[in-house]
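Residue strings, one per chain:
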Amino acid sequence: KTFQRDAAANQLLQYAEKREGEKKSITTNSGNPVGYKDASLTVGYHGPTLLQDVMLLDDLSHFTKERNPERVVHAKGAGAFGYFEVTHDITQYTAAKPFSEIGKRTPIAMRFSTVAGERGYPDTVRDIRGFAIKFYTEDGIWDIVGNNTPVFFIKDAALFSSFIHVMKRNPVTNLRPDYDMFWDMESLRPETTHQTLITFSDRGIPRSYRHMHGYGSHTYGFVNHEGKFSWVKYHFVTNQGIQNIPPKEAEKLAGQDTDYHTRDLYNAIAKGDYPSWDFFIQIMTPEQADKSPYDPFDLTKVWLHADYPLIPVGRIVLNKNPSNYFGEVEQIAMDVAHLIPGIEPSPDRMLQARMFAYRDTHQYRLGPNYNQLPVNSPYSVHNYSRDGYGTVNSQGGAPNYHPNSFEGPVNDERAHELAPSIPLHGEAKRIDSGNDDNFSQPRLLYQRVLKEDERERLVDNLVDWLKRTTPAIQKRTIENLFDPVDKSLGNRLREALFGDEGEFHIEI
Ligand code: HEM
């Protein structure tokens, strides 16, 4: 009998094959040769260990610190490297350098993830997937930190930490999902409906990271060489086709192979089956945005393709596995605030808050000089930031204050010209945006996009989670989220949960 091993399983064999004949001596972390790694330095066989055993001290004191805090969300993930290639000219919309000419290639790193589970959580759970791309451009780092869905559950960052809490572990039982927490908050905020329908559709469990689309989700701004401004959304359409895992199979896989999606990505790239996505944009002019019947900056809404068709831009291809997971995937620092001239943020409340949150969390998770780690490192940095833990690039003898008369770095005129001047008005006020039309788009999704068999599976998937919460929360969820989408959706859920006699199936 034989057992078929995949490329991921053969990683060590491959290393050994390549390295044959050039075995190196062990060293301490400071590079001093280690004579004998197999035993600590003791006084006799049973004698105590000596403090002068530098090899042991070096090894253990590094080991005790070899974990960094995991990402507070999107902790479980996988990454790879490749390139973005321009296939269509969009310089009429943006002066951003990666788009400057057809055929141009920009190196990229990508990280895919689940949102709610911890670093070792199974891959094949029902959840949103992160879809984050780091572009290494001539103007420094540009990141698109999106998901595999075009919308999100909420649209105001004031609710973000609460929303994440309800997807994470119950603070008393330490169990997740906690169905009461989840459906309680969902049912109290009907703007969650759109993303909830997507999450509980077939797409809630993708077959792999390769078999799903990606979205920048937020609206961003584009500025062209003449200073003309437009609003833009990013779409990445998978060339592998959309494929999903049926829930029963996913449950089984979660037990059999916790890292199913991670393994799939590694093996596909290792055998030269490089995953790729076609990159499209949607463009909305400021005039169209002013007249739009829906808020173009609302993260719970899409821009209808009929009104704003997909414009082809290029493609992204992943053709290289990380040479080390911790160094290149765990330590990668994606940030929506990493923008380049020609690309601007939008007033989306969620995006505005994210502009703060990522650098803040990276400084905590990876230290103040996380941008100097090789995987995050832009080609060149010249500025007036200095020092702190882990400084690698101390910028030589350049002055550390601005302005100066000693040849320190100066303002970049092109970047200044491309920065738009935006007129702002309004009262400083806390305005709840949660009651803007929450149902037209979910209704389109339910009635027009999903086929009947997909609607049936959606109901089954919703029932599978709803049946575990209390009747009061079940009722409120149906009334606040699903009746307004389509009364027949509400009724299907009611029937499945409460039965023909209107009795609850649940025992508390
Ligand atoms: C990761 C905050 C909304 C996509 C993270 C992390 C934080 C965070 C703190 C961990 C980052 C790290 O440790 O490297 C927030 C806040 C949000 C928000 C405060 C809203 C106010 C969103 C939205 C999306 C998104 C709307 C997608 C459209 C991601 C992705 C990652 C991530 C893909 C993982 C990045 C990676 O692979 O390293 N977020 N997030 N987040 N977030 Fe958000």
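Every residue gets a number counted from 1 within its own chain, in the order that chain's sequence is written. The model is predicted, so local features are restricted to residues of pLDDT at least 70 and side-chain atom pairs to those at 80 or more, both for listing and for counting; the totals for chains, interfaces and linings are taken over all residues.

As recorded in an unreviewed UniProt entry, the protein goes by the name Catalase core domain-containing protein, listed as coming from Ceutorhynchus assimilis. UniProt positions are given in the numbering used here, feature names are shortened, and annotations may be inferred rather than shown by experiment. Under the UniProt heading Sequence similarities (unreviewed entry), the entry covering the protein gives this text: "Belongs to the catalase family."

Student: Got a sec to walk through unusual backbone geometry? Specific residues and values, please.
Tutor: Residues Arg176 and Pro177 are joined by a peptide bond in cis, for which omega reads -10 degrees. Only DSSP runs of H or I covering at least 4 residues are called helices, and only runs of E covering at least 2 are called strands; the numbering of each starts at the N terminus. You can see Pro177 is positioned in the loop between helix 3 (160–167) and helix 4 (179–188). Between His402 and Pro403 the backbone carries a cis peptide bond, its omega angle lying at 0 degrees. Looking at the secondary structure, you find Pro403 in the loop between helix 10 (349–366) and helix 11 (413–418).

Student: Which residues make up helix 4, and what are the values?
Tutor: All of the buried residues along helix 4 are Met181, Phe182, Trp183, Glu186 and Ser187. Contact between residues is assigned whenever the C-beta positions, reconstructed from backbone atoms, fall within 7 Å. The inward-facing, buried residues of helix 4 contact helix 3, helix 5 (193–199), helix 13 (452–466) and helix 14 (471–482). Three classes are used. A residue is buried when 20 or more other C-beta atoms lie within 10 Å of its own, exposed when 12 or fewer do, and partly exposed in between, with C-beta atoms placed from the backbone.

Student: Go over the site of the ligand, please, and point to the residues and values.
Tutor: Each residue receives a C-beta atom built from its backbone; the residue is near a molecule or strand if that atom lies within 6 Å of it. Taken together, 28 residues lie around the ligand, and His74, Arg111, Gly130, Ala157 and Ser217 are the ones closest in. Only strand 2 (105–114), strand 3 (129–137), strand 4 (140–147) and helix 10 provide two or more residues apiece to the shell around the ligand. Considering every element that reaches the shell around the ligand, the biggest residue donor is helix 10, with 8 residues. Side-chain classes are defined by residue name, with Ala, Val, Leu, Ile, Met, Phe, Trp, Tyr, Cys and Pro counting as nonpolar, Asp, Glu, Lys and Arg as charged, and the others, Gly among them, as polar. Along the lines of polarity and charge, the residues of the shell around the ligand split into 15 nonpolar, 9 polar and 4 charged.

Student: I'd love a proper account of the UniProt feature "binding site: heme" (unreviewed entry) in the protein, names of residues and values included.
Tutor: When the UniProt feature table is mapped onto this chain, "binding site: heme" (unreviewed entry) is found at Tyr358. Within the secondary structure, Tyr358 sits in helix 10. Given 17 C-beta atoms within 10 Å, Tyr358 falls into the partly exposed group. Beyond its immediate chain neighbours, meaning those up to four positions away, Tyr358 contacts Met334, Asp335, Val336 and Ala337.

Student: Tell me about the pairing of strand 6 (residues 220–223), residues and numbers included.
Tutor: Two strands are counted as paired when DSSP detects at least two bridges linking them. Direction of pairing for strand 6 relative to strand 7 (residues 229–238): antiparallel, over a ladder of 4 bridges. Of the residues in strand 7, the one forming a bridge with Phe222 is Ser230. Connecting strand 6 to the next strand, strand 7, in antiparallel fashion are 5 residues, including Gly227 with a positive phi near 85 degrees. Of the pairings in the sheet, the one linking strand 6 to strand 10 (residues 343–344) comprises 2 bridges and is antiparallel in character. Counted as the bridge partner of Gly221 is Glu344 from strand 10.

Student: I'd like a description of the UniProt feature "domain: Catalase core" (unreviewed entry) in the protein, backed by residues and values.
Tutor: Residues annotated in UniProt with the feature "domain: Catalase core" (unreviewed entry) correspond here to residues 27–410. For residues 27–410, the helix share is 22%, the strand share is 19%, and the end-to-end C-alpha distance is 43 Å.

Student: So what's going on with the confidence of the model for the protein? Which residues, and what values?
Tutor: Residues of the protein with pLDDT of at least 70 account for 98%, and the chain-wide mean is 95. ipTM for the predicted complex: 0.98, alongside a pTM of 0.96. Confidence of the predictor at the level of single residues is captured by pLDDT, which takes values from 0 to 100.

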